[in-house]
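Below are the chains, spelled out letter by letter.
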Amino acid sequence: MAENPIAFEYNVHLDDKNRFALRGTRARYFSVRVFKDNHVLLSPQKLVAEQPISPATLRQIARSIKNLKAGKTAGAVDVRAARKVFER
Amino acid sequence: MIFTIHMGVPEMRALWDDLLARGQRGKLSGEERIFFNKWSKALDLLSGNPRHPGLRTHEIDDLSRKFGVKVWQSYLKNRKSDALRMFWAYGPQRHDITILAVERHPDTGKRKVYERIPLSRFPSSPSRSQGRN
């Protein structure tokens with residue numbers, strides 16, 4: 001990995017509600033990882049648009065819901081039987 | 001709490017029965033086998049805990065409003081740009097889940113909801129290396 005220079009660093013302490021002010025970052029969203037040795041890593045994230053649902057999938061959903069509301073179901077499926085296909 | 005998985009009719013039930021029957025006979029193509037493996041794993045997680053973090057389940061408000069039934073989305077695949085999704089609703093009875101639709105082929109070029117920005121290596125802080133806080 002390339003070297004990531006430190007822009008600046010500072011010390012903080014948590015207030016009574018376990019908060020501290022985060023300064024000097026342009027990101028608004030972070031994923032947080034807390035390590036067992038008490039290091040906390042904040043990784044910047046960005047929101048991106050979720051992929052739209054295709055017309056074919058929407059039609060499937062509509063038909064399934066229509067039948068579900070009409071009480072038309074095909075009975076329970078055996079998920080374990082499907083998992084056994086891949087256990088060989 | 002364990003949920004019983006039902007397949008929506010007609011497409012989902014037909015797809016499931018076809019993949020299961022051919023899978024048990026060893027007649028799935030490579031791509032079908034990968035898809036069916038991921039789908040059945042996701043269903044296994046869903047039946048045990050619809051809120052399992054690996055599924056990234058969330059409600060699709062627009063569809064819930066449109067159909068008058070809470071429609072949920074869960075991912076079959078994670079951490080890849082070609083995430084596959086399934087859509088489901090609670091019912092017909094209590095502790096039942098009905099699979100309404102599943103995307104078998106990812107939309108190429110689309111991205112996940114959150115993208116992680118790659119990290120670089122962090123240098124050690126000079127003040128810390130000298131023993132000061």
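Residues numbered from 1 in each chain as written. Chains lettered and ligands numbered in written order. Predicted model: local features only at pLDDT ≥ 70, side-chain atom pairs only at ≥ 80, totals over all residues. Heavy atoms only, no water.

### A word on the pairing of strand β3 (residues 72-75) of chain B
All names here are of chain B. Neither face of β3 is left uncovered, since the one carrying Trp 72 and Ser 74 and the one carrying Gln 73 and Tyr 75 both have all their residues buried. Across two bridges, the pairing between strand β2 (residues 58-59) and β3 is antiparallel. When the sheet's bridge partners are listed, Glu 59 is paired in β3 with Trp 72. Where β3 meets strand β4 (residues 85-90), four bridges bridge the pair, whose relative direction is antiparallel. Note on β4: the bridge partner recorded for Trp 72 is Trp 88. (Buried < 20%, exposed > 50% of the residue type's maximum accessible area, 1.4 Å probe, protein only. Helix = DSSP H or I, 4+ residues; strand = E, 2+ residues; numbered from the N terminus. Pairing = 2+ DSSP bridges.)

### Observations concerning the environment of Met 7 of chain B
Tracing the backbone through its elements, the reader meets Met 7 of chain B in strand β1 (residues 4-7). Taking the relative accessible area as the measure of exposure, Met 7 of chain B reaches 1% and is therefore buried. Residues Met 7 of chain B and Asp 17 of chain B, 10 residues apart in the sequence, show an inter-C-alpha distance of 9.7 Å. Leave out the neighbours within four places in its chain, and Met 7 of chain B touches Ala 74, Gly 75 and Val 77 of chain A together with Met 12, Arg 13, Trp 16, Trp 39, Leu 43, Thr 98 and Ile 99 of chain B. (Contact = heavy atoms within 4.5 Å.)

### Comments concerning the nonpolar core
Membership of the largest hydrophobic core comes to 29 residues, with the highest contact counts inside it found for Trp 39, Leu 43, Met 86 and Ile 99 of chain B. Residues contacting Trp 39 of chain B, with those up to four places away along its chain left out, are Met 7, Met 12, Leu 15, Trp 16, Leu 19, Leu 76, Met 86, Ile 99 and Val 102 of chain B. With 13 residues, the next largest nonpolar core counts Ile 53 and Ile 61 of chain A together with Ile 60 and Ala 101 of chain B among its residues. (Core = buried A, V, L, I, M, F, W, Y, C linked by side-chain atoms within 4.5 Å.)

### A closer look at the confidence of the model for chain B
Residue and element names in this part refer to chain B. Averaged over all residues, the pLDDT of chain B is 80; the fraction at 70 or higher stands at 74%. In the predicted structure, residues 108-113 sits below a pLDDT of 50 and forms 17 contacts with residues beyond four places in sequence or in another chain. Low confidence marks residues 128-133, where pLDDT is under 50. Its contacts with residues over four positions away, or in another chain, come to four contacts. (pLDDT = per-residue confidence, 0-100.)

### Topic: the sheet that holds β2 of chain B
Reading across the sheet, the five strands line up as β1-β5-β4-β3-β2 (chain B) and stay open at both edges, with mixed pairing between neighbours. Strand pairing shows two members of the sheet lacking a second neighbour, β1 and β2 of chain B, which therefore form its edges. The sheet contacts of helix α1 (residues 55-69) of chain A involve β4 and β5 (96-102) of chain B, and relative to β5 of chain B the element is tilted by about 150 degrees. In the packing of helix α1 (residues 11-24) of chain B onto the sheet, contacts are made with β1 and β5 of chain B, and the angle to β5 of chain B comes to roughly 90 degrees. (Axes fitted to C-alpha atoms, helices over the stretch in contact; angles between N-to-C directions.)

### A look at unusual backbone geometry
Here the bond from Val 9 of chain B into Pro 10 of chain B is cis, since omega is 0 degrees, no more than 30 degrees from zero. Mapped onto the fold, Pro 10 of chain B is located in the loop between β1 and α1. In this chain, Gly 91 of chain B is followed by Pro 92 of chain B through a cis amide linkage whose omega measures 15 degrees. Inspection of the secondary structure puts Pro 92 of chain B in the loop between β4 and β5. Residue Asn 38 of chain A is not a glycine yet carries a positive backbone phi of 80 degrees. By the element assignment, Asn 38 of chain A lies in the loop between β1 (29-34) and β2 (40-47).

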